[in-house]
Amino acid sequence: MNIILLGPPGAGKGTQAQILKETLNIPKLSTGDMLREAVAKGTEIGKKADKIMKAGQLVPDDVIVSMVRARIAEADCRNGFILDGFPRTLTQAQFLDGPGAAQKIDKVIEIKVNDKALITRISGRFTCAKCGAGYNKETKPTAVAGICDNCGSTEFVFRADDKAETVAARLKAYNDQTAPLLPYYREKGILFSVDGMADIDEVTRQIRGIVKKAA
Ligand code: AP5
């Protein structure tokens, strides 16, 4: 099954994609993670993307589409995949419908969260610098302040684009360029929505219900 998780920054796409990946045993394809990896490695794509991401804007479609095309062609995607953060524009969505992709999307799951909660979630997010475990000051703190539950490290990192001014730009990019995908997929009859304001387990339960339903 090929699934798209759609929603604004901080909606919980990455969190749910990780859970779903383990349940369905199919890979999660996160364009945000791919770009951050490219930035960390200093590749050409990474150099191009770094400034754009720090400004909270979208990386050009041609760069993203070629990255996703290559990833979908890998063997582990043969039995399905979960797209997290892609598509974000109509051009990207049309790529998935076109002959170049050769992959039918079965379900698009929208995670709905209000703007106030998104800002709280994003501004509270931090990650263990050593093992990558994700936390949130408000919703998922470490059991002992300043110590990673998973590996005991005391070093944490914050995402460069999680600053308040960048978050505003990211939300604007979502509303202007990505939200139009909702009617696009609704018309195709493959759009489903979940209440992303619920706690993580409840959102997972709702998503599992949608995934199990016959197409
Ligand atoms: P990307 O990495 O995709 O970021 P994003 O879409 O802005 O989403 P986030 O990762 O911030 O949030 P999320 O929805 O995954 O939520 P999460 O699970 O982390 O993209 C970054 C940038 O890369 C873009 O701005 C753009 O520049 C570029 N880019 C990427 N893809 C692109 C594309 N296709 N085209 C062009 N440019 C592209 O959760 C957030 C926090 O909330 C966490 O702390 C989590 O623990 C907590 N949380 C999650 N669910 C719940 C819940 N139900 N209740 C309470 N807390 C929760």
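See the structure above.
First things first, this report covers the structure right here in the doc. (Residues numbered from 1 in each chain as written. Predicted model: local features only at pLDDT ≥ 70, side-chain atom pairs only at ≥ 80, totals over all residues. Heavy atoms only, no water.)

1. Quick word on the sheet that holds strand β6 (residues 134-136)
Thought 1: The strand order across the open sheet formed by three strands is β6-β5-β7, and the pairing between neighbours is antiparallel. The outermost strands of the open sheet, each flanked by one partner alone, are β6 and β7 (156-157).
Thought 2: Across three bridges, the pairing between strand β5 (residues 125-128) and β6 is antiparallel. The residue of β6 that forms the bridge with Phe 126 is Tyr 135.
Thought 3: Each of β5 and β6 touches helix α6 (residues 115-124); the most contacted strand, β5, lies at about 30 degrees to it. (Pairing = 2+ DSSP bridges. Helix = DSSP H or I, 4+ residues; strand = E, 2+ residues; numbered from the N terminus. Contact = heavy atoms within 4.5 Å. Axes fitted to C-alpha atoms, helices over the stretch in contact; angles between N-to-C directions.)

2. A few points about the packing of aromatic side chains
What describes a pair of aromatic rings is the distance from one ring centre to the other and the angle between the planes of the rings.
Thought 1: Taken as a whole, this structure holds six aromatic pairs when the rule is applied.
Thought 2: Consider the rings of Phe 86 and Phe 95, whose centres lie 6.3 Å apart with planes at 80 degrees: the pair is edge-to-face. The two residues Phe 86 and Phe 95 agree in class, both being buried.
Thought 3: The interplanar angle of 80 degrees and the centroid separation of 6.2 Å between the aromatic rings of Tyr 135 and Phe 156 together place this pair among those described as edge-to-face. A residue pair is termed long-range when its members are at least 10 positions apart, and Tyr 135 in strand β6 and Phe 156 in strand β7 qualify at 21 residues.
Thought 4: By relative accessible area, which is 7% here, Tyr 135 ends up buried.
Thought 5: Ring pairs connect the aromatic residues Phe 126, Tyr 135, Phe 156 and Phe 158, which therefore count as one cluster.
Thought 6: Between Lys 107 and the ring centre of Phe 192, over which it is positioned, the NZ or CZ distance is 5.8 Å.
Thought 7: The ring of Tyr 135 has Lys 140 lying over it, and the distance from NZ or CZ to the ring centre is 5.8 Å. (Phe/Tyr/Trp six-rings, centres within 6.5 Å; stacked < 30°, edge-to-face > 60°. Buried < 20%, exposed > 50% of the residue type's maximum accessible area, 1.4 Å probe, protein only. Lys NZ or Arg CZ within 6 Å of the ring centre and 35° of its normal.)

3. Thoughts on the packing of α6 against helix α7 (residues 164-178)
Thought 1: Look at α6 against α7: their axes get within 11 Å of each other, and the N-to-C directions meet at 135 degrees. Overall, the two elements α6 and α7 adopt an arrangement that is oblique. The interaxial crossing formed by α6 with α7 has right-handed handedness. Along the contact surface, α6 presents Asp 115, Leu 118, Ile 119 and Ile 122, while α7 presents Val 167, Arg 170 and Leu 171.
Thought 2: Class assignment of the residues belonging to the contact of α6 with α7 gives a composition of five nonpolar, no polar and two charged. (Parallel < 35°, antiparallel > 145°, perpendicular 65-115°, else oblique. Left-handed = near helix turned anticlockwise from the far one by under 90°. Nonpolar A, V, L, I, M, F, W, Y, C, P; charged D, E, K, R; others polar.)

4. Regarding the nonpolar core
Thought 1: Counting residues in hydrophobic clusters, the biggest one holds 31 residues, and the most contacted among them are Ile 4, Leu 83, Phe 86, Leu 96, Ile 105, Val 108 and Tyr 185.
Thought 2: Only β1 (2-6), α2 (31-41), α3 (44-54), α4 (61-72), β3 (81-84), α5 (90-97) and α8 (181-188) provide two or more residues apiece to this core.
Thought 3: Looking at this core, the element that brings in the most residues is α4, giving six residues.
Thought 4: Listed in part, the 21 residues of the second largest apolar core include Ile 3, Ile 109, Leu 171 and Ala 198. (Core = buried A, V, L, I, M, F, W, Y, C linked by side-chain atoms within 4.5 Å.)

5. Some details on the site of the ligand
Thought 1: Neighbouring the ligand are 34 residues, the closest being Thr 15, Thr 31, Gln 57, Arg 88 and Arg 170.
Thought 2: The contact in question runs from an oxygen atom of the ligand to an N or O atom on the backbone of Gly 14, over 2.8 Å.
Thought 3: Arg 36 places a polar side-chain atom, nitrogen or oxygen, 2.9 Å from an oxygen atom of the ligand.
Thought 4: Considered on its own, the ligand offers 1000 Å² of accessible surface; in the complex 94% of this is hidden by protein.
Thought 5: Counting residues per element, the ones that place at least two in the shell around the ligand are α1 (13-24), α2, β6 and α9 (200-212).
Thought 6: Counting residues per element, the shell around the ligand draws most heavily on α2, at four residues.
Thought 7: In the shell around the ligand, the residues fall into 13 nonpolar, 12 polar and nine charged. (Near = heavy atom within 4 Å. Polar contact = N/O pair within 3.5 Å; in protein donor to acceptor, adjacent residues only side chain to side chain. Areas by Shrake-Rupley, 256 points an atom, 1.4 Å probe, with all protein chains shown as cover.)

Purely geometric numbers; function is a separate question.
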